[in-house]
Amino acid sequence: KMNLENTLFLSDIPYTSNEKDLIGFFLSCGSIVSLKLSKREDGENNNGYAFVEFSSPEECKRAATHCKREKFGETHLLTASIDSLMKSNEDSESTY
């Protein structure tokens, strides 16, 4: 089970990128515990998003900052912490 505090949601990943590309991009940020890249049914390309779990919340924050500063190929990856996404979802559900 993923530790939500340590997990980063990535989007805008180029469709031809793979797990090795992402691991290489985050080498300077810390230890990756798990990486789940959403793949298309054909298995050749990805769906443009992934979940990356780091070994600590600090490494997760460092990775988010890294994405803002450094380009992944020709684009900046968009990021959100899973923890903040879950809180945002809970807040929107409580308004009904």
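Refer to the structure printed above.
Residues numbered from 1 in each chain as written. Predicted model: local features only at pLDDT ≥ 70, side-chain atom pairs only at ≥ 80, totals over all residues. Heavy atoms only, no water.

Enquirer: What is the right way to look at the packing of aromatic side chains in this model?
Expert: Here the distance between the centres and the angle between the planes together describe a pair of aromatic rings. For the coordinates displayed, the defined rule picks out 6 aromatic pairs. With 5.2 Å between their ring centres and 80 degrees between their planes, Phe25 and Phe72 make a pair best called edge-to-face. Of this pair, Phe25 sits in helix H1 (residues 19-25) while Phe72 sits in the loop between helix H2 (57-69) and strand E4 (78-81); the two residues are 47 residues apart in sequence, bridging distant segments of the chain. For the residue pair Phe25 and Phe72, the accessibility class agrees, reading buried in each case. Aromatic side chains Tyr49 and Phe51 sit 6.3 Å apart centroid to centroid with 90 degrees between the ring planes, which places their arrangement in the edge-to-face category. Overall, Tyr49 belongs to the partly exposed group, its relative accessible area being 32%. Ring pairs connect the aromatic residues Phe25, Phe26, Phe54 and Phe72, which therefore count as one cluster. In this structure, Arg40 is placed above the aromatic ring of Tyr15, and the distance from its NZ or CZ to the ring centre is 4.6 Å. (Phe/Tyr/Trp six-rings, centres within 6.5 Å; stacked < 30°, edge-to-face > 60°. Helix = DSSP H or I, 4+ residues; strand = E, 2+ residues; numbered from the N terminus. Buried < 20%, exposed > 50% of the residue type's maximum accessible area, 1.4 Å probe, protein only. Lys NZ or Arg CZ within 6 Å of the ring centre and 35° of its normal.)

Enquirer: Would you mind showing me how to read the pattern of salt bridges here?
Expert: Two side chains bearing opposite charge may form a pair once their charged atoms approach each other closely. A complete count under the given rule lists 1 salt bridge for this structure. One salt bridge in this structure joins Lys39 and Glu19, with 3.4 Å as the shortest N-O distance. Residue Lys39 is located in strand E2 (residues 32-39), and its partner Glu19 is located in helix H1; the two are separated by 20 residues in the primary sequence. By relative accessible area, which is 28% here, Glu19 ends up partly exposed. (Salt bridge = Lys/Arg side-chain N within 4 Å of Asp/Glu carboxyl O.)

Enquirer: Please explain the pairing of strand E3 (residues 46-54) as it appears in this structure.
Expert: When a strand is regular, its side chains alternate between the sheet's two faces. Here 5 bridges tie strand E1 (residues 7-11) to E3, and the two strands are oriented antiparallel to one another. Within the sheet, the bridge partner assigned to Leu8 lies in E3 and is Val52. Pairing of E2 with E3, which is carried by 6 bridges, proceeds in the antiparallel orientation. Across the sheet, Leu37 pairs through a bridge with Ala50, a residue of E3. The antiparallel hairpin formed by E2 and E3 contains 6 residues in its connecting segment, where Gly43 sits at a positive phi of about 75 degrees. (Pairing = 2+ DSSP bridges.)

Enquirer: Help me understand the state of the cysteines, please; the structure alone is not making it clear to me.
Expert: Disulfides are covalent bonds that connect the sulfur atoms of two cysteines. Considering all chains together, one arrives at 0 disulfides under this definition. Of all cysteine sulfurs, the one in Cys67 lies closest to Cys29, which takes part in no disulfide; the gap is 7.1 Å. Of the residues examined, Cys29 reaches a relative accessible area of 1% and is grouped as buried. (Disulfide = S-S within 2.5 Å.)

Enquirer: In this structure, what is going on with the nonpolar core? I would like to understand it.
Expert: Nonpolar side chains in soluble globular proteins generally cluster together in the buried interior. In this structure, Leu8, Leu10, Ile13, Leu22, Phe26, Phe54 and Leu77 are the most contacted members of the largest nonpolar core, which totals 18 residues. Put simply, the parts of the chain that give this core at least two residues each are E1, H1, E2, E3 and H2. Take this core: its biggest share by element is 4 residues, from H2. Sequence-distant contacts of Phe54, defined by excluding residues within four places in its chain, comprise Asn6, Leu8, Phe26, Cys29, Ser31, Ile32, Val33, Glu59, Cys60 and Ala63. (Core = buried A, V, L, I, M, F, W, Y, C linked by side-chain atoms within 4.5 Å. Contact = heavy atoms within 4.5 Å.)

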